[in-house]
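Here is what each chain is made of, one letter per residue.
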Amino acid sequence: MSSEPAKNKPRTFAVAGLELAMAWGDGHESYLPFNLLRTHCPCAPCRVAAGRSDYKGPERPVADPPPMIVDVEPVGAYAMRIVWSDGHREGIYPFEMLRSMCPCERCAGQTASAFRADRLRES
Ligand SMILES: [Zn+2]
Ligand SMILES: [Zn+2]
């Protein structure tokens, strides 16, 4: 059960309200809030701002409220670039990472160790 290609390949995605809606190859749908995406921006300055790296470059704090997503561009077959309303566009989000960030109850259960989400009763 190492990798399931369809699971990490979006069929479609769209900005809806303050969320990025993703429909995955396995039929699952994820609704990723802008602030979740922005605070997990994988570019180096954002990782520093969030205390997720020891990169020593300039910091780029996240505004509150966070900027809006103005564009999403596919990058190869594995990731997408998110363009923010404040001009930030350095973040390239691998699909696998986006899928792992899905905040729905089902996925939160699977990533409970990472996010310390409340354990829902499992049957
Ligand atoms: Zn960034
Ligand atoms: Zn999910």
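All figures in this text were calculated on a predicted structure; none of them were measured in a lab. (Residues numbered from 1 in each chain as written. Chains lettered and ligands numbered in written order. Predicted model: local features only at pLDDT ≥ 70, side-chain atom pairs only at ≥ 80, totals over all residues.)

A.B. asks: Mind showing me how you'd approach the overall build of the chain here?
C.D. replies: When its secondary structure is counted, the chain shows five helices and six strands. Residues counted as buried form 14% of the 123 residues belonging to the chain. At a minimum sequence separation of 6, the contacts of the chain that also span at least 24 residues come to 28%. (Helix = DSSP H or I, 4+ residues; strand = E, 2+ residues; numbered from the N terminus. Buried ≥ 20, exposed ≤ 12 C-beta atoms within 10 Å, placed from the backbone. Contact = placed C-beta atoms within 7 Å.)

A.B. asks: Before we go on, may I ask you to explain the nonpolar core in this structure?
C.D. replies: The nonpolar side chains of a soluble globular protein tend to be buried, and buried together. With nine residues, the main nonpolar core is built from L20, M22, W24, L32, I82, W84, Y93, F95 and L98. Mapped by element, the contributors of at least two residues to this core are strand 2 (19–24), strand 5 (79–84) and helix 3 (95–100). Looking at this core, the element that brings in the most residues is strand 2, giving three residues. Once you skip the residues sitting within four places of it in the chain, W24 turns out to touch K7, K9, P10, R11, S30 and R99. (Core = buried A, V, L, I, M, F, W, Y, C linked by C-beta atoms within 7 Å.)

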